[in-house]
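# Secondary and tertiary structure notes
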Amino acid sequence: MMKNLAHRDEVGIYVDLDDVAEYDSELSDLIKENALRYQKLFAETVEQLLPEYKEREVSFQDLLDVYIEHRITMERRNHPNPDEEWDWRSRYPADLMRRFEVYFKTNSDAKTLPIREVKAAHIGKLTNVRGIVIRATEVKPMMSVATYTCDKCGVETYQPITSPSFNPLTMCSSDECKTNKSGGRLFLQNRGSKFTKFQEIKIQEHSDMVPIGNIPRSLTVYCRGETTRAATPGDHVSVTGVFLPMLKSGFRQLQQGLITDSYMEAHRVVKMNKTQEHEKDLGELTEEEMAMFAQKDFYDQLANSIAPEIYGHEDIKKALLLLLVGGVNRNANGLKIRGNINICLMGDPGVAKSQLLSYIDRLAPRSQYTTGRGSSGVGLTAAVMKDSVTGEMILEGGALVLADQGVCCIDEFDKMMDGDRTAIHEVMEQQTISIAKAGIMTSLNARVSILAAANPAYGRYNPKKSIEHNIQLPAALLSRFDLLWLIQDKPNHDNDRKLAEHITYVHMHSEHPPLKFTPIDMAAMRKYIALCQQRTPVVPTTLTDYITAAYVELRKESRRSSDTTFTSARTLLSIMRLATALARLRLGDIVESDDINEAMRLMEMSKDTLNASSETTFRKSKPSDAIYGIIVAMVSKKARGDSYSGVSVKMSEVQQRCVAKGYTPDQLKTAIGDYEKLNLWYTNASQTTLTFV
């Protein structure tokens, strides 16, 4: 590390207090109590040791290096006598000559404090806090050492700057000017001054840390040097730093009175998980975890591991798993096709919609949770604010911007005002937010998957009324949802008994009932989802005809049905997104026909929930009988004549029709086998045609 510092391969040196405690526990405690003083002492020590580790000259030199080298040459000319002892470093501020930064890392067992627990007793001490970043300014140069030149005698004067504001020096204090009483004036030299990177971030405490009846508190964090650009708005971070009062001067000090603002000088900023007390899951999967994901039924296991405390909803959990993985974004010649999947859960009260949203909010590495009535259009998109540092007008991102490349969960979607709901239209398809406010005209990225939960228009779904009367959401908005699930609370003796047993067990033991498999924990799921998102599967040309025929069949079915289910070209894009997400889930590079079939099955199952007809009830009872009815209906009256005997049907057409109706290839294979045993039909050796007996 010291060699890297000496050769400027690294800039920051991090002192781990665990290592210091092994050497001297008392010194470790003193560093925590008075971090700023020991930061200077460590910097001086490192500066003295660096020449011993320097093996070669630094190849790269910036403007400040040239300036310092020139000053050293001038000093040597002024002191030509080699026997004369002189220390040229004493003439220059230490911060001007140093090209490294010292930071402290707290003990591994150090307690992380909520923001509201950081009080006056922690001033000057090394403290750990956790929160969510709500604002981060741009990284700007901040002057740390100001260099002035006298216009009379030419002597240079240096002014170290330790506060956000300073009063520039005007009069020269050199011996020559004092002797001659010439009153030389000082002029600031930007080339000889030293600037460091500076960024101000604002963190807010987590909602689960806020006491009842209080609003979340926030804390300003100053990041300098290597701690800048460590976090973006929306990140959950742990900040190690020194808690300090904010010193003001001049008129601001008079205006401030006896009240003092405080801030934290950052030493380390680390992204954290939202629920666990450890750093973000960026490690690789272990061999045991990879073996678990390599099992044949890992798709069902992953889906059932989502909220195992909630009974049922298998297909909905599969859809939510695909939402977390996401499809692949396509950008070609300015044409942008989104890969994020949007899902709307609409259902009766008490079907665990909000619980599913809450679980996804905790599981997703980056997410925001909001409600319809508690969100305005500005709160979802962006607000124009005044920057406290520069005084300029800046944009502060809302929930959709903070959840960029993540998930935004919106509960009570139907209670949202129509004017606020229109702000989501652009985000759901173009993945951007266009702003033209207060002279700021820009486009913000909002590459976010939206998971919305809503109630039907009358509180409960009324099967006697049409879909339009029950949903009462604009068609332009509904078409932007890839999947629209209607969850109805229908009385059924067996299901009601199982549900009651499940809820009772969870209430008594505070955990899910024993399952056939061990649910995958959140940390492993996050790692696997991050691994899946690195894949970019493509759709082969061999599947083009298959996808086209399936889409045409869906359109034909939508024309036949009495209720419109909003089948459009966006439906085809939704199938492609779901299929690429399934290919990602099995870590594949090519989309296969099974992925298309599963995507169409989920699409059909979501649409079936909207069509509360007798066909749906019949289908749920026995899929084989329904598949038999579909195949029989495919044979036209002209082809069969008086009987079905000898009539043949292509298996490819049968598979397309059954997949469009929401049945899996396994169910089709079982149905054909069952009726073949009954001697009603038979298939040829190559399994390409089906012939009635």
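Residues numbered from 1 in each chain as written. Predicted model: local features only at pLDDT ≥ 70, side-chain atom pairs only at ≥ 80, totals over all residues. Heavy atoms only, no water.

The next subject is the nonpolar core. Counting residues in each nonpolar core, the largest one holds 60 residues, and the members touching the most others are Leu302, Leu322, Ile343, Leu345, Leu451 and Leu585. Sort the elements by how many residues they give to this core and helix α11 (residues 314–325) lands first, with eight residues. Those residues within four positions of Leu451 in sequence are excluded, and the remaining contacts are Leu320, Leu323, Ile343, Leu345, Leu357, Ile360, Val407, Cys408, Cys409 and Ile410. Ranked by size, the runner-up nonpolar core spans 33 residues in total, among them Ala382, Cys408, Val448 and Ile450. (Core = buried A, V, L, I, M, F, W, Y, C linked by side-chain atoms within 4.5 Å. Buried < 20%, exposed > 50% of the residue type's maximum accessible area, 1.4 Å probe, protein only. Helix = DSSP H or I, 4+ residues; strand = E, 2+ residues; numbered from the N terminus. Contact = heavy atoms within 4.5 Å.)

In this section: the pairing of strand β19 (residues 440–445). In the sheet, strand β18 (residues 432–437) pairs with β19 via six bridges, with the strands oriented antiparallel. Paired with Lys437 across the two strands is Ile440, which belongs to β19. Between β18 and the antiparallel strand that follows it, β19, lie two residues; Ala438 among them carries a positive phi value of about 50 degrees. (Pairing = 2+ DSSP bridges.)

Turning to the sheet that holds strand β24 (residues 689–692), a few remarks are in order. Strands sit in the order β22-β24-β23 across an open sheet of three strands; the sheet is antiparallel. Edge positions in the sheet fall to β22 (648–650) and β23 (681–683), since each has one partner strand and no second. On average, each strand axis in the sheet is inclined to that of its neighbour by 25 degrees, with strand direction left out of account. In this sheet, β24 lies alongside β22 in antiparallel orientation, the contact comprising three bridges. The residue of β24 that forms the bridge with Val649 is Leu690. On top of the sheet, helix α25 (residues 623–634) reaches β22, β23 and β24; it is set at about 85 degrees to β24, its chief contact. On top of the sheet, helix α28 (residues 665–677) reaches β23 and β24; it is set at about 125 degrees to β23, its chief contact. (Axes fitted to C-alpha atoms, helices over the stretch in contact; angles between N-to-C directions.)

Attention now moves to the packing of α25 against helix α27 (residues 651–660). Where α25 contacts α27, the two axes come as close as 10 Å, and the packing angle between them is 125 degrees. The orientation of α25 relative to α27 falls into the category oblique. α25 and α27 meet at a crossing whose hand is right-handed. Of α27, the residues touching α25 (which contributes Ile627, Ile630, Ile631 and Met634) are Glu653, Val654, Arg657 and Cys658. Taken together, the residues of the contact of α25 with α27 sort by class into six nonpolar, no polar and two charged. (Parallel < 35°, antiparallel > 145°, perpendicular 65-115°, else oblique. Left-handed = near helix turned anticlockwise from the far one by under 90°. Nonpolar A, V, L, I, M, F, W, Y, C, P; charged D, E, K, R; others polar.)

Moving on, we get to the sheet that holds strand β20 (residues 449–454). Read across the sheet, five strands follow the order β14-β17-β20-β13-β21 without closing on themselves; strand pairing throughout is parallel. Two strands close off the open sheet at either side, each with one partner strand: β14 (367–371) and β21 (483–487). Adjacent strand axes in the sheet meet at a mean angle of 15 degrees, parallel and antiparallel pairs treated alike. Direction of pairing for strand β13 (residues 343–347) relative to β20: parallel, over a ladder of four bridges. The partner of Ile343 across the bridge, within β20, is Leu451.

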